[in-house]
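Structural description and commentary
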Amino acid sequence: MMAVKILGVIALVIFYLMILGTGIWASFKSKRKQKKSSATAMEMTLLGNRGINLVVGIFTMIASYVGGGIVVGTVELMYTPSVGLIWTVLMILAYSSSLLLSGVVFAKPLRERNCVTMLDPFHVKYGKVIAAVMSLATILVDLMAIPSILIGLGGTLTVILDLSFSVCIWISAAVAIFYTVMGGLYSVAYTDIIQLILIFIALWICVPFVLMNPHTLDIRETLMNNTLHAPWIGKPELKMAWLMIDDFLFLALGSIVYQYIQQRILSASSTAIAKKTCIAASIIYPVFGIPVILLGAAVSSTDWNQTTYGSPSPYERGESAMVMPIALQHLTPTYISIIGVGCVAAAVMSSADSVLLSASSVFTSNIYKVIFRPQASDRENQWVVRAFVVIVGVIGTSLSYLKHSVVLFWFLGAELNYVIVFPQLICVLFFNISNGYGVVMGLLVGLLLRLLSGEPSLGLEPVIHFPGCTLEDGVYVQYAPFKTISMLSAFSAILLFSYLSSVLFNKGFLPEKWDVLKVKAQHSAVPPVPLTPVGNHGDREKFQSDVSLPMITGTE
């Protein structure tokens, strides 16, 4: 065991040094690019001066999705009897669909506005208070993503290398924080290339050894009939149909509004490149799901009593969340398990850096620059980004101690995006009628309805029992698409209350002095355009009054 630990630590150190070296090299590349162009430091840090080409864009887009939570969490889903293959494939296709929709639907309107973040349209249309509220929601989603990313790595290193969970996650977070601070988007994008290649190779190296282990049955035979564990196809029951549709929609649509995904779109060298990047990534992404599905099928078909792990099985011991590292440790040779560690480490880095830069971009661009220091210099804003990368990294890593379940944080973040952020972004981009009052009511209606629908993972009993809600083992289970109902209710509330408030104030039914969110001013103003970019040396108020000036001069 000591030999495994030493070899694993050496391999991990080499991997981290390679990633650090790439990140530092990319930071110097970013500075050289900046000197050759008229871009500010902030434009380079947040968007790479909108110069990311197609190949790099595809790599970094896919890497943003293939995180430690996805790799370890997908094997956990496959191994969970109530989930299995059908739900896992549904999840993978949902993420693929979100990439496609991001390019086809959202790339053009966001890039035409020359946005720095996807929250910029909220500031332009609703003002800084509403924009700050939505920005905080987005930052919260990013914070939820960090634990789901790091838990996968911490658990893997703890199981295989017998290292402290705390040491594993803090060192990994520190490495990601360091090179993100150094080079911003360029460092993130170029390290993603190496990480994604390592993930793909490592996964396919591990799969044959797990499948061919003498204690693993033929997965073709255990697909529908498994004597060791539940069949790994899952439970395709008719009563679950609405829930499956509900989960597909919340993953597909909720994932679109992750800021780090839109950051890739906004950093592309043109709108056409942004669209091609998303379409290509949506086609390639499912390929990364194949080896993970095979690993999940193998662990579901293993006679654990015959392995060094022993009986009872990981599922019976409540260790389903760590079933992938357990399989690597007990079903593969030592050197293969170390390769598996590298795979998970690469997956973690590829997503962690994206989330750190995403949250920092939103805070600096949509909160600090707008509310606290509108006159801040480019250099000051850059230091704010660096400081907030560290803050988000520390807070997000600390949250990893709350729950040792990859799936919990993963799903909660997506639900917050789906119910709250997604309908708001749709309305601000595509519905002129929407206003601040609609935003507030949409937030309240969506959040309240979702909480009243219940959430077993948070211990919330449903107050609203939708059709089909049944009591099973002392717990009420909703079989209606309650997430989608909550999202659509929020969407409807935004439009309804926006229309009502617009009529009440613009027709004079309510006095203008009560219009705290300036609906009447919005109605009579020239159609809004984006604000100046973070770091622009011009005065922000000047850009708000001069509607002819864009946020950033694009390269369309």
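This is a predicted model, so every value here is computed, not measured.

**Quick word on the overall build of the protein**
A tally of regular secondary structure across the protein gives 20 helices and 2 strands. In terms of C-alpha radius of gyration, the protein reaches 24 Å, essentially the compact-globule figure of 24 Å for 556 residues. The dimensions of the protein, computed from C-alpha atoms along their principal axes, are 75 × 60 × 35 Å. When the 556 residues of the protein are sorted by exposure, 59% land in the buried category.

**Looking at the packing of aromatic side chains**
Aromatic rings in a pair are described by how distant their centres are and how their planes are angled relative to each other. Summed over all chains, the structure comprises 20 aromatic pairs. Here Y186 and Y190 contribute two aromatic rings whose centre-to-centre distance is 5.8 Å and whose plane-to-plane angle is 20°, an arrangement assigned as stacked. Here Y186 and its partner Y190 are both found in helix α8 (residues 165-211), 4 residues apart, which amounts to about one turn of the helix. Since its relative accessible area comes to 4%, Y186 is described here as buried. Counting every residue linked through ring pairs, the aromatic cluster contains F363, Y368, F372 and F388. The cationic tip of R317 hangs over the ring face of Y309; the distance from NZ or CZ to the ring centre is 4.0 Å. When the ring centre of W383 is taken as origin, the NZ or CZ atom of R386, which lies over that ring, is 4.7 Å away.

**A word on the pattern of salt bridges**
Inspection of the entire model under this criterion finds 9 salt bridges. The salt bridge involving D218 is made with R220; its shortest N-O contact spans 2.8 Å. For D247, the salt bridge identified is with K483, shortest N-O distance 2.8 Å. Here K483 lies in helix α18 (residues 482-506) and D247 lies in helix α10 (residues 241-254), a separation of 236 residues in the sequence. The pair formed by D247 and K483 is uniform in burial state, with each residue classed as buried. When salt bridges that share partners are traced, they join D246, D247 and K483 into one network.

**What to know about helix α5 (residues 84-112)**
Taking 1.5 Å of rise per residue, the 29 residues of α5 would be expected to cover 42 Å, and the 42 Å separating its terminal C-alpha atoms lies within 8% of that figure. Considering bend angle alone, the principal kink of α5 is centred on F106 and spans about 50°; proline P109 follows within four residues of it. With its phi angle positive at about 55°, N114 sits one or two positions after the end of α5.

**A short note on the environment of T138**
By secondary structure assignment, the location of T138 is in helix α7 (residues 128-161). By relative accessible area, T138 is classed as buried at 2%. Residues T138 and G413, spaced 275 residues apart in sequence, show a C-alpha to C-alpha distance of 9.5 Å. The residues contacting T138, other than those within four sequence positions of it, are M118, L119, Q259 and V362.

**Some remarks on the nonpolar core**
Ranked by internal contacts, the top residues of the largest apolar core, which has 164 residues, are Y285, W304 and M324. Among the elements that take part in this core, α8 stands out by supplying 21 residues, more than any other.

**Topic: the state of the cysteines**
One pass over the full model with this rule turns up 0 disulfides. Between C427, a free cysteine, and C115, which holds the nearest cysteine sulfur, the sulfur-to-sulfur gap is 16 Å. The class for C427 is buried, based on a relative accessible area of 0%.

**Details of the confidence of the model for the protein**
On average, residues of the protein carry a pLDDT of 83, and 90% of them reach 70 or more. When the criterion is pLDDT under 50, residues 525-556 qualifies, and its contacts beyond four places in sequence or with other chains add up to 64 contacts.

**Looking at α8**
Residues spaced three or four apart along an α-helix point in a common direction, a consequence of the helix completing one turn every 3.6 residues. Its 47 residues place the ends of α8 only 28 Å apart at the C-alpha level, less than the 69 Å of an ideal helix rising 1.5 Å per residue. Its axis deflected by about 125° at G183, α8 carries its strongest bend there.

**A look at the packing of α8 against helix α12 (residues 271-300)**
Axis separation between α8 and α12 bottoms out at 9 Å; the angle between their running directions is 30°. Accordingly, the angle class assigned to the pair α8 and α12 is roughly parallel. Between α8 and α12 the crossing geometry is left-handed. Within the contact between the two elements, α8 uses L196, I199, F200, L203, W204, V207, V210 and L211 and α12 uses V287, F288, I290, P291, V292, L294, L295 and A298. Residues that form the contact of α8 with α12 fall into these classes: 16 nonpolar, no polar and no charged.

**Some words on the packing of α10 against α18**
Closest axis-to-axis distance for the α10/α18 pair is 7 Å, and the angle between their directions is 50°. Taken together, the axis directions place α10 and α18 in an arrangement best described as oblique. Within the contact between the two elements, α10 uses L243, D246, D247, L249, F250 and L253 and α18 uses F482, K483, T484 and M487.

**Remarks on the environment of A230**
You can see A230 is positioned in the loop between α9 (219-222) and α10. Classification of A230 as partly exposed rests on a relative accessible area of 23%. Each C-alpha atom, one on A230 and one on T80, is 8.3 Å from the other, the two residues being 150 residues apart in sequence.

Quick notes on the rules
- Residues numbered from 1 in each chain as written.
- Predicted model: local features only at pLDDT ≥ 70, side-chain atom pairs only at ≥ 80, totals over all residues.
- Heavy atoms only, no water.
- Helix = DSSP H or I, 4+ residues; strand = E, 2+ residues; numbered from the N terminus.
- Rg over C-alpha atoms; globule rule 2.2 N^0.38 Å.
- Buried < 20%, exposed > 50% of the residue type's maximum accessible area, 1.4 Å probe, protein only.
- Phe/Tyr/Trp six-rings, centres within 6.5 Å; stacked < 30°, edge-to-face > 60°.
- Lys NZ or Arg CZ within 6 Å of the ring centre and 35° of its normal.
- Salt bridge = Lys/Arg side-chain N within 4 Å of Asp/Glu carboxyl O.
- Expected span 1.5 Å × (residues − 1).
- Bend = angle between axes of the 7 residues up to and from the residue.
- Contact = heavy atoms within 4.5 Å.
- Core = buried A, V, L, I, M, F, W, Y, C linked by side-chain atoms within 4.5 Å.
- Disulfide = S-S within 2.5 Å.
- pLDDT = per-residue confidence, 0-100.
- Axes fitted to C-alpha atoms, helices over the stretch in contact; angles between N-to-C directions.
- Parallel < 35°, antiparallel > 145°, perpendicular 65-115°, else oblique.
- Left-handed = near helix turned anticlockwise from the far one by under 90°.
- Nonpolar A, V, L, I, M, F, W, Y, C, P; charged D, E, K, R; others polar.

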